[in-house]
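Given next are the chains, with one letter for each unit.
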Amino acid sequence: MFDIDQNSNKGKILNLLYRKRELTKLDISNEIGVSVPTVISNVNELIREGFVEESGVASSTGGRKPIIVSFIPNSRYAFGVDINPYMARVVLTNLDLEIKYDVEFLIEELKDIKSIMKRISLIVKEALEFTKIDEKKVLGIGFSLQGTVDEENLVLKRAINIGVKDWDFKLFENLFQFPLFIENEANAAALAELKIGIAKEERNLVYISVSSGLGTGIVIEGQLYKGKNKRAGEMGHMTLVPHGKLCRCGRKGCWEMYASQKALLDEFNELSDVKVTKLEQFFNLIMIKNKVAEKCLNNYLNNLASGIQNIVLIFDPHYIVLGGEISGYSDVYLDSLKDKIFDENEFYNRGDFKLFPSRLKRNSSILGAALLPIQKAFLIEQDVI
Ligand SMILES: [Zn+2]
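Residues numbered from 1 in each chain as written. Predicted model: local features only at pLDDT ≥ 70, side-chain atom pairs only at ≥ 80, totals over all residues. Heavy atoms only, no water.

## Observations regarding the coordination of the zinc ion
By definition of the ideal shapes, a tetrahedral metal site with four donors has angles of 109.5 degrees and an octahedral site with six donors has angles of 90 or 180 degrees. In the first shell of the zinc ion, the protein supplies His237 (ND1), Cys247 (SG), Cys249 (SG) and Cys254 (SG), at 2.0 to 2.4 Å from the metal. If you look at the zinc ion, its 4 donor atoms make angles of 106 to 120° with each other, and the shape they trace is tetrahedral. Each donor residue of the zinc ion lies on one chain, and together they are spaced H-x9-C-x1-C-x4-C. (Donors = N, O, S within 2.8 Å, 3.2 Å for Na, K, Ca; no water. Tetrahedral: all angles 85-135°; square planar, octahedral: opposite > 155°, others 65-115°.)

## As for the layout of surface pockets
Approximately 970 Å³ is the volume found for the largest pocket. Together, 33 residues line the largest pocket, and Asn84, Ser211, Gln261, Gly324 and Glu325 are the ones closest to its centre. Those elements that provide at least two residues to the lining of the largest pocket are strand E4 (77–83), strand E5 (87–94), strand E12 (205–210), helix H7 (261–271), helix H8 (279–287) and helix H11 (364–378). A per-class count over the lining of the largest pocket returns 9 nonpolar, 13 polar and 11 charged. Here the lining of the largest pocket spans two domains, and each of domain 2 (76–190) and domain 3 (198–359) adds at least three residues to it. (1 Å grid on protein atoms, 1.4 Å probe; cavity = no way out; pocket = protein on both sides within 12 Å on 5 of 7 lines; lining within 4 Å. Points joined across faces, edges and corners; volume = space filled by probe spheres on them. Helix = DSSP H or I, 4+ residues; strand = E, 2+ residues; numbered from the N terminus. Nonpolar A, V, L, I, M, F, W, Y, C, P; charged D, E, K, R; others polar. Domains from an automatic or database assignment.)

## Concerning the sheet that holds E12
Paired through their backbone hydrogen bonds, the strands of a sheet run either parallel or antiparallel. Read from one edge to the other, the open sheet built from 5 strands follows the order E14-E13-E12-E15-E16, with strand pairing classed as mixed. The outermost strands of the open sheet, each flanked by one partner alone, are strand E14 (223–224) and strand E16 (354–357). With 2 bridges joining them, strand E13 (residues 214–220) and E14 adopt antiparallel strand pairing. Pairing of Ile220 across the sheet is with Gln223, part of E14. (Pairing = 2+ DSSP bridges.)

## Some words on the sheet that holds strand E9 (residues 155–159)
Pairing is antiparallel across the open sheet formed by 3 strands, whose spatial order is E8-E9-E10. The open sheet has two edge strands with one neighbour each: strand E8 (148–150) and strand E10 (164–168). Neighbour-to-neighbour, the strand axes of the sheet open up by a mean angle of 10°, direction not taken into account. The pairing of E9 with E10 spans 4 bridges and is antiparallel. In the sheet register, Ala159 faces E10, and the bridge partner there is Val164. (Axes fitted to C-alpha atoms, helices over the stretch in contact; angles between N-to-C directions.)

## Observations regarding the packing of aromatic side chains
Across all of its chains, the model carries 14 aromatic pairs by this definition. Their ring planes at 90° and their centres at 5.3 Å tell us that Phe282 and Phe283 sit as a pair that is edge-to-face. On the basis of relative accessibility, which here comes to 0%, the residue Phe282 falls in the buried class. Through successive ring pairs, a cluster of aromatic residues spans Phe79, Phe143, Trp167, Phe169, Phe172, Phe176 and Phe178. Between Arg21 and the ring centre of Tyr18, over which it is positioned, the NZ or CZ distance is 5.4 Å. Cation over ring: Arg119 sits above Phe105, and NZ or CZ is 4.3 Å from the ring centre. (Phe/Tyr/Trp six-rings, centres within 6.5 Å; stacked < 30°, edge-to-face > 60°. Buried < 20%, exposed > 50% of the residue type's maximum accessible area, 1.4 Å probe, protein only. Lys NZ or Arg CZ within 6 Å of the ring centre and 35° of its normal.)

## Some remarks on helix H9 (residues 291–315)
Owing to its 3.6 residues per turn, the α-helix brings residues three or four apart onto one side. With 25 residues, H9 should reach 36 Å at 1.5 Å per residue; the first-to-last C-alpha distance of 36 Å fits that figure. If you check which residues of H9 are buried, you get Ala293, Cys296, Leu297, Tyr300, Leu301, Leu304, Ala305, Gly307, Ile308, Ile311 and Val312. Measuring from the side-chain oxygen of the N-cap residue of H9 to the backbone nitrogen of Val292 gives 3.0 Å; that N-cap residue is Asn290. Two residues or fewer past H9, Asp316 is found with a positive phi of approximately 45°. (Expected span 1.5 Å × (residues − 1). Polar contact = N/O pair within 3.5 Å; in protein donor to acceptor, adjacent residues only side chain to side chain.)

## Some details on the nonpolar core
Core analysis: the biggest nonpolar cluster contains 44 residues, and Ile208, Trp255, Phe282, Tyr300, Ile308, Leu337 and Ile341 have the highest contact counts within it. Looking at this core element by element, the count peaks at 10 residues for H9. With sequence-adjacent residues up to four places away left out, Phe282 is seen in contact with Leu264, Leu265, Phe268, Val276, Ala293, Cys296 and Leu297. Listed in part, the 43 residues of the second largest apolar core include Ile4, Ala186, Val321 and Leu371. (Core = buried A, V, L, I, M, F, W, Y, C linked by side-chain atoms within 4.5 Å. Contact = heavy atoms within 4.5 Å.)

## Remarks on the pattern of salt bridges
Here the structure, examined in full by the defined rule, presents 13 salt bridges. The partner of Glu45 in a salt bridge is Lys10, and the shortest N-O contact between them spans 3.0 Å. A residue pair is termed long-range when its members are at least 10 positions apart, and Glu45 in helix H3 (residues 36–48) and Lys10 in helix H1 (residues 9–20) qualify at 35 residues. For Glu45, a relative accessible area of 29% puts it in the partly exposed group. The closest approach of N and O atoms between Glu49 and Lys10, which form a salt bridge, is 2.7 Å. With a gap of 39 residues between them, Glu49 in the loop between H3 and strand E2 (52–57) and Lys10 in helix H1 connect regions that are remote in the sequence. It is possible to trace a salt-bridge network through shared partners that takes in Lys10, Glu45 and Glu49. (Salt bridge = Lys/Arg side-chain N within 4 Å of Asp/Glu carboxyl O.)

## Some details on the environment of Glu183
Mapping Glu183 onto the fold places it in strand E11 (residues 180–184). With a relative accessible area of 2%, Glu183 lands in the buried category. In the structure, Glu183 is positioned 31 residues away from Glu152 in sequence and 9.6 Å away in space, judged by C-alpha atoms. The residues contacting Glu183, other than those within four sequence positions of it, are Phe143, Ser144, Leu145, Val149, Glu151, Ala188, Leu224, Lys226 and Leu372. Within polar-contact distance, the side chain of Glu183 engages the side chain of Asn187 at 3.3 Å.

## Notes on the domain arrangement of the chain
Considered domain by domain, the chain is made up of domain 1 (9–74), domain 2 (76–190) and domain 3 (198–359). Spacing between the C-alpha centres of domain 1 and domain 3 amounts to 45 Å.

Structure (structure tokens):
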């Protein structure tokens, strides 16, 4: 648990050390604007509570060498959970989001959220036993969910691709000894990419999560943008083809009907005698220059590029991060995708923004979920606008 008031001197010092990692007491005094004796007494408390330690001396131009105070990433922990249509995954991380325990299980009946949550609570207990981590050192558990998420009221409002509505996570708070947080999967991933992934240095990014559906997470000036009804970023459902294929959302021609992983595999299976169920099989066929696979990939990239062009025109971001399993094969298609995106136009060219495959790969959304309680504890800005 975590009960330090972030506006107190102790809270400010801890937050500073969390961000800067190590400082001398004089540095801390200068940064926070409090006296050195106040710093010393608060640092002593933080040492007793296990958050920081004294770790050697800084160089000095004369006189006594100042002692360095360091933040301890293993002083507290958080759980991240990813629930998707087929699998649930639970990880335990330290404050640097290093994974200490990692388990996944197949979901048989997605609609039975009660038994899924029960199972997760058992895994949480096992994880703490296995790692010998005291439950009191866990800041919370964050869930990454596909769909529209009301994070303040802990409700998954609707998840079209998994066919569920109004999951109230407050009902499950008593399964855990620490606070529970929820966030949309693409938003969680965007957050993780921003804090520890490829986009660490920049503040505007759009994360595109390509899976059975297609979702996006939008970060503007370092803050997650969610909009009035929490559904900003449902760009998978913007119209790519007027009167096109019927989508699960009830509309026609949505981007995800043409640019999700499912769209790619479905098109290939329609045109080919060889059938594939996994992306890996599809890219194996690309490797051996299967003509149908090449044609489908080319079509697919056209569709993906069209949506990305729209995103660029709307947001003009520093970064677009491509996530989901397909990002693991970006060596095969990234150049071609860029050629299609930066096709001649009057507005932007190759230098204007960067397109990257996710660096955190399959961990991006789950680490983003684990980051939710950590952010809350350390008040790393309020990341929703
Ligand atoms: Zn749709």
